[in-house]
Amino acid sequence: MQVVMHKPSHPGAPLLVVGLRAGFLMGVAALLVTGIVGGLLRAGVALPVPGDSIWPGQAVLGHAFLMICGFMGTVIGIERAVAVKLRFALGAPVASALAGLAMLAGEPSAAAWLAVVAATVFIAVNAVVVEHQRAPHTVLLLAGAAAWLVGNLLQALDSQPAAVIPWWFSFLVLTIAAERLEMTRLMRRRRGAPIALYGCLVTMLLGATAFAMSPVWGGVVYGVSLTLLAGWLMVFDIARRTVVATGLSRYMAICLLLGYCWLAVAGAAWVATSAGLPFRDAALHALGLGFIFSMMLGHAPVILPALARVKVRFGWFFYVPLILLHASLVVRLCLGAHAFDMLTLGAEGNALAIALFALTMTGAALASRVRHPSARHRRMDCVGGHQQESTRLLCRPRSPAELKAIAGTDAATEQK
Amino acid sequence: MVMAEELNLATSVPYRYSGPPELRAPIEAALRQVVDPEVALTIVDVGLVYAVTVSDKQVHVSMTMTSAACPVADIILADVEAELELVVPTNLSIDVELAWDPPWTADRMSPRAKELMGW
C-alpha cells in the first residue's frame, strides 16, 4: 500500500510563521474590504473614503478583479495549497494577493500579470492534485484553474475585455461544480448525471468563448448553461438530503440550496441582459453574491479552521448574516433594476451581511476556545506528569458506561 | 498486553483492526466521534478509516479522504488524534496517517450511511 504521511500540524508553529500567516490573512481581509468598498461606491453608497488616496478609485475600477482574483482566487489558492502541502503551491495565493495590492496601488498592468502568474502556478498545483487522484472532480478543478488563466491573460493582454468576466466566473463555477460532483459520489448516481453536468459546463465555456465575438449570443449561451447547472445541482447534490440533518450540516445545506436558487436567477439575468433588459447587476451579483458567497458562508465554518488554524463553534447566530445576505439580495436584484436607491440599499445590506459574518466567525472562534481547550495540550501535560486534576480526568480511559454512551450517540444528528 | 488480529469480516467494524480486543470498542467509539459536517456522517460510516493497529507502544490509524483537494484533511486527522487521546492509555503514542491507495469508493460506506444517502 502506497502511503502518504500526513500528520496534523502541531500548534506550536514558530513565531515567525505565525506572524507571516497572520499578516497574510490580514492582507487577504484587506482585499475583501477594499473590494467591497469599491462595490459600494459603484452602487452609489456615500462612504467616507480618503480623497487624497489612490486606492478608493482603484477599488471602484478594479472591483471585480479585487473580489475574484484578489480575494477569492487567494482564498481558493490557500485552500488548495493546504491540501497538497507543497511549498510552491503557496506561490499562487501570494501572487494573487500581490496582484490585488498592485491594483489598489494603481498598477493595473502589474496586477494583471501577477494574476497570470498566480493562475499559472495554480494550474501546476491542480495538476499535482490530478496526479494524486485521477478523478472527474479533480480534472474539473484543473479546468477551473485553466479558465482563470484564460480570463487573466485576456485582462493582461487587454484583449477582448468583455469576455474577462465570464471566464473569471467560470473559474469559480467550475471549482464549486467540481467540489459538488465529488460529494455526489456518496449518493447513488443516476445514469447520465455526470454527462449532464459536463454538458452544462462545456456549454458555459462555449458561452464564455463566444462572448468575445458576440456578447449577445455568448451571454445567452452562458446564461442558459448557468440555469441548467442550477437545475442539475438542485436534483443531484447531497444538500437535498443533508438539509434534514441538524446543526452545521443543515446550515451548510441551506447555504447550498439558496445558492442554487440564485444561480438559476443569475442564468436568467444573463439571458435577459443579453436581450437588452436592465438586469446586468442581477447577472453579476446573483452569481457573485447569491451563488458564490452563499457557498463561502456555508463552507467557511469548516474551511477557515483549516486555513487559519482556529476552531469555530457553530450556533444559530450563523443564520443571521445568511438571512441578511439573501434578503438584501432580494431587495437589490428584484427592486434595484428599476429603482437605483433600492440597489444602493441592497448593496449596503450585502456589505453588512458580510461584515456580520466576519464578526460571527470571530465570535464562534472565541467561543470554541473557551469551550474546548486543546486536547493535544491535555495529553502532553499528562505525559509530562504536570497535569491538573481536571486534565488528568480527561486523560484516563473512559469507563465502559461512558464509552457505551458515546457509541450510542447518533453522530449524524449531533454537532460538536 | 494481549495481541489479537481481527479482520473487519469478523466484526461489525468497517476497517481492519489489529490489537487488544479490549481497546477495539473504545477506539471505534472515539473514531465515531469525528463527523464530516458536509455529509453529516461519521468518518467510520463514510468509510474513511482503513485500518487501526495497536502495538505495545503505539496506536496507528490509516485513513483516507474522499478528495485529494480536501483542505480540511489536517483538521480531521487532528480530531481523530484528539478523540483517541481520550480513550487510549497514555503510554501509547498515537499516529494518524493519510493514505491515497487504495482510493476511497462509495463501496466503503456503511449500510447506514448508504441508507441516509438514498442508496
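Conventions we followed
- Residues numbered from 1 in each chain as written.
- Chains lettered and ligands numbered in written order.
- Predicted model: local features only at pLDDT ≥ 70, side-chain atom pairs only at ≥ 80, totals over all residues.
- Heavy atoms only, no water.
- Axes fitted to C-alpha atoms, helices over the stretch in contact; angles between N-to-C directions.
- Helix = DSSP H or I, 4+ residues; strand = E, 2+ residues; numbered from the N terminus.
- Parallel < 35°, antiparallel > 145°, perpendicular 65-115°, else oblique.
- Left-handed = near helix turned anticlockwise from the far one by under 90°.
- Contact = heavy atoms within 4.5 Å.
- Nonpolar A, V, L, I, M, F, W, Y, C, P; charged D, E, K, R; others polar.
- pLDDT = per-residue confidence, 0-100.
- Buried < 20%, exposed > 50% of the residue type's maximum accessible area, 1.4 Å probe, protein only.
- Pairing = 2+ DSSP bridges.
- Right-handed = clockwise from strand over helix to strand, strands pointing away.
- 1 Å grid on protein atoms, 1.4 Å probe; cavity = no way out; pocket = protein on both sides within 12 Å on 5 of 7 lines; lining within 4 Å.
- Points joined across faces, edges and corners; volume = space filled by probe spheres on them.
- Phe/Tyr/Trp six-rings, centres within 6.5 Å; stacked < 30°, edge-to-face > 60°.
- Lys NZ or Arg CZ within 6 Å of the ring centre and 35° of its normal.
- Salt bridge = Lys/Arg side-chain N within 4 Å of Asp/Glu carboxyl O.

1. Remarks on the packing of helix α8 (residues 193–213) of chain A against helix α9 (residues 215–236) of chain A
Residue and element names in this part refer to chain A.
Here's step 1: Packing of α8 against α9 brings their axes to within 7 Å, and their N-to-C directions diverge by 160 degrees. Accordingly, the angle class assigned to the pair α8 and α9 is roughly antiparallel. Both α8 and α9 take part in a crossing whose hand is left-handed. Taking contact as the criterion, the partners of Ala193, Ala196, Leu197, Cys200, Leu201, Thr203, Met204, Gly207, Ala208, Ala210, Phe211 and Met213 in α8 are, on α9, Pro215, Gly218, Gly219, Val221, Tyr222, Ser225, Leu226, Leu228, Leu229, Trp232 and Phe236.
Here's step 2: When the residues that make up the contact of α8 with α9 are grouped by side-chain class, the tally is 18 nonpolar, five polar and no charged.

2. So, the confidence of the model for chain A
Low pLDDT marks stretches whose predicted atomic positions should not be read closely.
Residues and elements named next belong to chain A.
Here's step 1: Chain-level pLDDT for chain A is 86 on average; 86% of the residues reach the 70-or-more range.
Here's step 2: Confidence drops under pLDDT 50 across residues 1–11; counting only partners more than four residues distant or on other chains, this segment forms 38 contacts.
Here's step 3: Note that pLDDT drops below 50 for residues 375–416; the model gives that stretch 72 contacts with residues more than four away or on any other chain.

3. So, the pairing of strand β6 (residues 58–63) of chain B
Residue and element names in this part refer to chain B.
Here's step 1: With five of six residues buried, β6 lies mostly within the body of the structure.
Here's step 2: Inspection of the sheet shows strand β5 (residues 49–54) paired to β6 by five bridges, in the antiparallel sense. Counted as the bridge partner of Val49 is Met63 from β6.
Here's step 3: Hairpin connection from β5 to β6: three residues lie between these consecutive antiparallel strands.
Here's step 4: Taking the sense of rotation as the criterion, the β-α-β connection linking β6, helix α3 (residues 73–85) and strand β7 (residues 93–99) turns out right-handed.

4. Some remarks on the environment of Met234(A)
Residues and elements named next belong to chain A.
Here's step 1: Structurally, Met234 is set in helix α9.
Here's step 2: Owing to a relative accessible area of 28%, Met234 belongs among the partly exposed residues under this scheme.
Here's step 3: Separated by 18 residues in sequence, Met234 and Met252 have C-alpha atoms that sit 14 Å apart.
Here's step 4: When neighbours within four sequence positions are excluded, Met234 is seen to be in contact with Arg240, Leu257, Tyr260 and Cys261.

5. With respect to the layout of surface pockets
Residue and element names in this part refer to chain A.
Here's step 1: When its volume is computed, the second largest pocket comes out at roughly 1200 Å³.
Here's step 2: Around the second largest pocket, the lining comprises 50 residues; the ones closest to its centre are Arg42, His63, Ala64, Ile165 and Leu284.
Here's step 3: Of all the elements, helix α12 (residues 280–308) adds the most residues to the lining of the second largest pocket, at eight residues.
Here's step 4: The residue inventory of the lining of the second largest pocket, partitioned by class, reads 32 nonpolar, 13 polar and five charged.

6. A look at the packing of aromatic side chains
Here's step 1: Tallied over the full model, the rule gives 17 aromatic pairs over all chains.
Here's step 2: Ring centres of Trp148(A) and Phe171(A) lie 4.6 Å apart, and the angle between their planes is 10 degrees; on these two criteria the pair is classed as stacked. Taken together, the positions of Trp148(A) in helix α6 (residues 136–156) and Phe171(A) in helix α7 (residues 164–183) put the pair 23 residues apart, joining distant regions of the chain. Both residues of the pair, Trp148(A) and Phe171(A), belong to the buried class.
Here's step 3: Aromatic side chains Phe314(A) and Tyr319(A) sit 6.5 Å apart centroid to centroid with 75 degrees between the ring planes, which places their arrangement in the edge-to-face category.
Here's step 4: The class of Tyr319(A) is partly exposed, set by a relative accessible area of 21%.
Here's step 5: Through pairs of rings, three or more aromatic residues link up here, namely Tyr251(A), Phe314(A), Trp316(A), Phe317(A), Phe318(A), Tyr319(A) and Phe357(A).
Here's step 6: Over the ring of Trp119(B) we find Lys114(B), and its NZ or CZ is 5.0 Å from the ring centre.

7. A look at the pattern of salt bridges
Here's step 1: Applying the stated criterion across every chain yields a total of eight salt bridges over all chains.
Here's step 2: We note a salt bridge from Asp79(B) to Lys311(A), for which the minimum N-O separation is 2.4 Å. Linking Asp79(B) in helix α3 with Lys311(A) in the loop between α12 and α13 (319–335), this pair reaches from one chain into another.
Here's step 3: Residue classification places Asp79(B) among the buried residues on the basis of a relative accessible area of 15%.
Here's step 4: Through salt bridges that share partners, Glu28(B), Arg32(B), Asp45(B) and Arg112(B) make up one connected network.

8. Regarding the environment of Leu248(A)
Here's step 1: Turning to its location among the elements, Leu248(A) is positioned in helix α11 (residues 247–274).
Here's step 2: With relative accessibility at 9%, the residue Leu248(A) sits in the buried group.

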